[in-house]
Amino acid sequence: MPGKRTAPVAVVAVTGVVVVATWVSWFAGGLTVGDAAESYLLTNSAMSVTFTAFGSLVLAHRPRHRVGLLFVAYGACYTVSVACLGVLSGAFTLSPGWERTINLIGITAWIPAPVVCLPLILQLFPYGRPLSPRWRPLAVVTVALTLLAPTVTLQPGGDSGESTADQGPLLPDAVERVIATLMPVFVALTGLVLLGSIVALGLRAYRSRGAERLQVMWLLWAVVLFVALNLQRIVTTDGPILFLFTLPLIPAAATVAIVRHQLYDIRLIVNRSLVYGLLTLGVVGAYLGIVAGLAPLARDRLSASPLVATAMIAVAFAPARSAVQSLVDRLMYGRRHDPAEAAARVGVRLGTGLEGVLRAVCEALRLPYAAISSDGRLISAYGRPTTAWHTVAIEVAEGEPADLLVGLRAGETRLSAADRRALDLLAAPVGLALQSVRLSERLRESRTQIVAAREEERRRLRRDLHDGLGSALTAVTLKADAAHNLRQSDPDRCGRLLLDLRADLTDAIADIRRLVYDLRPPDLDELGLAGALRQRAQQSWHRDQAGFVVTVDIPDDLPPLPAAVEVAAYRIATEAVTNALRHGHASTCSVSLRADHALHLEVRDDGTAAGGEWSHGVGLRSMHERAAELGGTLTAGPTNRGGRVHVLLPLEHA
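Asks: Describe the sheet that holds strand β2 (residues 377-383), naming the residues involved and giving the relevant values.
Replies: Within the open sheet, the 4 strands sit side by side as β2-β1-β4-β3. Their pairing is antiparallel. Edge strands, defined here as strands with exactly one partner in the open sheet, are β2 and β3 (389-394). The mean angle between the axes of side-by-side strands here comes to 20 degrees, regardless of whether they run parallel or antiparallel. In this sheet, β2 lies alongside strand β1 (residues 369-374) in antiparallel orientation, the contact comprising 6 bridges. The residue of β2 that forms the bridge with tyrosine 369 is glycine 383. Each of β1, β2 and β4 (402-407) touches helix α16 (residues 353-365); the most contacted strand, β2, lies at about 50 degrees to it. In the packing of helix α17 (residues 417-486) onto the sheet, contacts are made with β1, β2, β3 and β4, and the angle to β3 comes to roughly 60 degrees.

This is the structure:
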């Protein structure tokens with residue numbers, strides 16, 4: 001394995017040495033950057049380095065992969081062409097024969113790259129095989145074009161086919177006639193092959209689904225952009241030379257597709273190396289091209305030295321470079337450099353639930369996975385889990401604390417500082433979404449409890465009516481019949497039955513009163529909340545224990561209260577006073593009421609149970625439940641003077 005990985009590195013190293021040596025010899029021969037642009041040395045060097053680097057990186061992880069081999073072959077063709085330009089730069093003394101031979105090699109070696117390698121890359125990407133068996137003949141025709149490639153440079157009248165006075169014709173007349181005949185065939189086949197390759201790539205994008213479609217769309221986008229900018233050169237073989245710098249977008253787009261979807265298992269290090277390497281190479285190449293094209297104008301019209309013109313161009317080019325860098329960052333890392341916009345995008349999704357919010361977080365920062373956990377329990381998740389993740393604490397107004405878990409991108413071991421800052425800001429809307437979900441769950445639980453309590457109350461009423469009152473009335477009916485039958489034969493026994501009947505009816509009436517009281521105390525309807533509490537304080541509580549004093553402080557202007565609030569306040573007040581009497585051993589107790597936007601009920605006592613926290617028994621739990629049913633709150637516990645129960649029942653919702 002180390003040997004397989006070393007070979008691509010050696011290829012890149014050799015390519016780099018050749019390109020650097022060529023440029024050294026180029027400047028040593030007295031030539032300039034402008035000359036390099038006109039002779040295609042600038043663009044050919046870019047093709048050589050980018051395609052070779054991309055192919056070598058693919059082969060380092062997937063040896064003998066066809067797409068990687070084609071990229072290396074593409075770069076090798078341009079490397080040979082670049083080397084020949086370096087030899088012909090004037091730094092070396094060559095005989096006319098050698099000079100002509102090297103020139104012929106230099107202008108011929110690059111042709112198989114765009115004619116054969118590039119169409120095959122479009123046909124085979126991303127799996128190294130044609131779209132279907134029906135497309136294999138196109139690949140065969142593409143490879144066969146290698147045999148016709150020399151006709152471009154050996155055609156009669158061309159730079160290499162023309163004769164000179166000293167050397168005579170390069171080719172025999174018969175060969176020139178054959179080449180002249182094959183030339184139109186080569187041009188037509190080349191155009192058809194290139195068009196067919198683009199169609200095959202488009203069909204692959206149309207037929208594929210999911211991740212494969214995204215991979216192919218990256219490459220298709222780069223091809224369409226290159227063709228659009230270089231259409232004039234494709235049709236007329238002439239056009240702006242610097243537009244050829246868009247050709248490295250093809251390996252760059254393929255790299256993004258590979259890394260983004262983990263094709264061939266190449267991780268983030270490949271992504272960063274190629275994306276930023278290509279960006280830097282593009283900046284340097286475009287900078288040199290602008291200098292070469294505008295430096296003469298700067299000298300003639302501004303009377304400035306080339307150094308001044310270079311400085312002016314560098315200042316103008318810096319914003320463009322910053323924009324390109326920002327675009328690359330946004331494509332790869334989302335909006336992590338603009339956390340406010342990312343938070344706004346997440347905030348728009350608050351109404352879509354936790355999964356929708358987590359999806360927005362992943363889309364905003366290009367993350368593969370996001371989840372929310374609380375107390376070791378996974379609440380919601382989106383995306384595919386990763387082996388490494390980052391945790392951010394979520395601030396929640398109520399309930400247990402929670403954490404936002406985000407999966408790291410492929411190849412990352414930790415998030416950058418910009419990612420962490422963005423996530424810290426995104427934790428706020430995520431916390432709001434979590435709080436909303438928890439409130440919804442509590443609402444559902446409250447509704448379930450209300451329904452359960454209602455059904456339980458109905459069951460109790462049915463049991464009391466059937467087993468208690470029903471049985472008593474049945475017995476009354478039987479005794480009434482017996483008394484009727486004995487009224488003449490046994491008047492004494494009939495009288496005793498009537499007395500028993502009266503006692504049974506008295507008990508039945510008491511049961512009815514008890515049932516009515518449990519549903520709603522009659523005193524509330526007769527006296528109101530204030531009167532019912534005062535009457536209870538004067539009668540019941542004083543009778544329960546001698547010396548126990550209950551005072552009731554209720555303003556006269558207490559507004560009319562909803563029935564549910566009256567019942568809850570009455571039940572809580574009576575339960576609180578009863579607890580103070582039975583468990584707190586209190587001698588005095590005060591009940592106070594006041595109302596604004598809510599009803600405030602406070603019960604204070606001087607009991608001795610102030611030493612520790614109150615245990616949540618049946619009574620205290622029932623008071624909490626009655627307050628919660630109406631959306632209110634209840635606080636109860638000891639104070640330095642005894643016990644205190646405070647209840648707040650909202651009146652607006654009631």
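Asks: Just give me the short version of the environment of leucine 651, but keep the residues and values in it.
Replies: Within the secondary structure, leucine 651 is located in the segment after β9 (642-650). Sequence separation between leucine 651 and alanine 595 is 56 residues, and the spatial gap between their C-alpha atoms is 8.7 Å.

Asks: Please set out α17 residue by residue, giving values where relevant.
Replies: Here α17 is 70 residues long and its end C-alpha atoms lie 100 Å apart, about the 104 Å a rise of 1.5 Å per residue gives. The sharpest bend along α17 measures roughly 35 degrees and falls at glycine 470.

Asks: Explain the state of the cysteines to me, using residue names and the numbers behind them.
Replies: One pass over the full model with this rule turns up 0 disulfides. Considering cysteine sulfurs only, cysteine 77 is the nearest to cysteine 117, which forms no disulfide, with 5.1 Å between them. A relative accessible area of 7% places cysteine 117 in the buried class.

Asks: Just give me the short version of the nonpolar core, but keep the residues and values in it.
Replies: Counting 40 residues, the largest nonpolar core has Met47, Tyr74, Leu201, Leu219, Leu247 and Ile250 as its most contacted members. Among the secondary structure elements, those contributing two or more residues to this core are α3 (41-61), α4 (66-87), α6 (112-124), α7 (136-148), α9 (173-207), α10 (210-229) and α12 (249-260). For this core, the element with the highest residue contribution is α6, accounting for 9 residues. In this structure, Leu558, Val565, Ala586 and Val647 belong to the second largest nonpolar core, which totals 37 residues.

Asks: Help me get a handle on the packing of aromatic side chains, residues and values and all.
Replies: For the structure shown, the criterion picks out 6 aromatic pairs. The interplanar angle of 20 degrees and the centroid separation of 5.3 Å between the aromatic rings of tyrosine 74 and tyrosine 78 together place this pair among those described as stacked. Of this pair, tyrosine 74 and tyrosine 78 are both found in helix α4, 4 residues apart, which corresponds to roughly one turn of the helix. You'll find tyrosine 74 and tyrosine 78 in the same group, each marked buried. Between tyrosine 78 and tryptophan 110, the aromatic rings sit 6.4 Å apart at their centres with planes inclined by 40 degrees, giving tilted as the arrangement. Here tyrosine 78, found in helix α4, pairs with tryptophan 110, found in the loop between α5 (96-109) and α6; they are 32 residues apart in sequence, far enough to count as distant. In textbook terms, an aromatic cluster arises when at least three aromatic residues are bridged by ring pairs, as seen for Phe51, Phe54, Phe71, Tyr74, Tyr78 and Trp110.

Asks: Outline unusual backbone geometry, supporting the account with residue identities and numerical values.
Replies: The omega torsion across phenylalanine 125 and proline 126 is 5 degrees, close enough to zero to call that bond cis. By secondary structure assignment, the location of proline 126 is in the loop between α6 and α7. A positive phi angle, close to 70 degrees, is found at tyrosine 40, a residue other than glycine. Among the structural elements, tyrosine 40 can be located in the loop between α2 (33-38) and α3. According to the relative accessible area criterion, tyrosine 40 is partly exposed, its value standing at 31%.

Basis of the calculations
- Residues numbered from 1 in each chain as written.
- Predicted model: local features only at pLDDT ≥ 70, side-chain atom pairs only at ≥ 80, totals over all residues.
- Heavy atoms only, no water.
- Pairing = 2+ DSSP bridges.
- Helix = DSSP H or I, 4+ residues; strand = E, 2+ residues; numbered from the N terminus.
- Axes fitted to C-alpha atoms, helices over the stretch in contact; angles between N-to-C directions.
- Contact = heavy atoms within 4.5 Å.
- Expected span 1.5 Å × (residues − 1).
- Bend = angle between axes of the 7 residues up to and from the residue.
- Disulfide = S-S within 2.5 Å.
- Buried < 20%, exposed > 50% of the residue type's maximum accessible area, 1.4 Å probe, protein only.
- Core = buried A, V, L, I, M, F, W, Y, C linked by side-chain atoms within 4.5 Å.
- Phe/Tyr/Trp six-rings, centres within 6.5 Å; stacked < 30°, edge-to-face > 60°.

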